[in-house]
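# Structural overview
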Amino acid sequence: MAYVPHAKVVTWLDDPTVPQLGGNRSVRRTPVRAIVVHTTWGRLGPLFEGSGDRIGRRYVAENVRTMQKSWDFTVDQDGTIYQQNDPARFYTWHATIANPFSVGIEMAQRMDGTLYDTQLRATVELVSVLARVFDVPRVVPWRRGAPDLRVLPAVRAGRLGELRGVFGHVHFTDERGPGDPGPFPFAVLRATGWVGIEWPANGPS
Ligand SMILES: [Zn+2]
């Protein structure tokens, strides 16, 4: 894993209780060109200052137990990042049609949908590092001055090949709502110099 400047990344190499994924992943055959951010409950909730309780271990354990679903990174409510896959070699099963060309990040969440700013900051740092490592363009889905939190028209039109950048689970499926992952990661990235574009892309928006 590339060095993430402030956030702490824990992998199976550091800690045997963060096991590497087993069979629930596929060999990567196409390069990574997208990063997909999730929330574990997919609920829109408040963003609180500081850190929340460490609840991420439950999701780490779930990640290796579940057979039809997996993801690469879990960001806990205190900003600790758990990594359970090498995204350069394998892709995980987190966003259906986007899986073969993406990396998946889950922000750990309780049922009330709360997120914490330490957690959000760690997520944004991780996204920035992954974008650099995999040469993913620094763009976020944006429409009418705000994060676009719908299934993208490009996805509805089957134009997956043109998608590059950072996305959320909501952009790929009607099964998840705008709370997966909500507006915050996109808003912070946009505020730190990333470009907001509509998909299909008609230039900066
Ligand atoms: Zn999701």
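The preceding data block contains the structure.
First things first, this report covers the structure right here in the doc. On a predicted model such as this, the values are computed, not experimentally measured, just so you know. (Residues numbered from 1 in each chain as written. Predicted model: local features only at pLDDT ≥ 70, side-chain atom pairs only at ≥ 80, totals over all residues.)

## Things to note about the sheet that holds strand β11 (residues 146-147)
One open sheet holds the three strands; their spatial order is β11-β10-β13, and the pairing between them is mixed. Edge positions in the open sheet fall to β11 and β13 (195-197), since each of these has one partner strand only. Bridge count between strand β10 (residues 139-143) and β11: two bridges; the pairing is antiparallel. Note on β11: the bridge partner recorded for W142 is P147. (Pairing = 2+ DSSP bridges. Helix = DSSP H or I, 4+ residues; strand = E, 2+ residues; numbered from the N terminus.)

## Quick look at the sheet that holds strand β8 (residues 102-107)
If you walk across this open sheet you meet the six strands as β1-β6-β5-β8-β3-β12, and the pairing is mixed. Of all the strands in the sheet, the pair left with one neighbour each is β1 (9-11) and β12 (165-168). Strand after strand, the sheet turns through a mean of 25° between neighbouring axes, direction not considered. For strand β5 (residues 73-75) and strand β6 (residues 81-83), the ladder comprises three bridges, and the chain directions are antiparallel. Paired with F73 across the strands is Q83, a residue of β6. Contacts from helix α1 (residues 56-65) reach β5, β6 and β8 within the one sheet, and its direction differs from that of β5 by about 165°. (Axes fitted to C-alpha atoms, helices over the stretch in contact; angles between N-to-C directions. Contact = placed C-beta atoms within 7 Å.)

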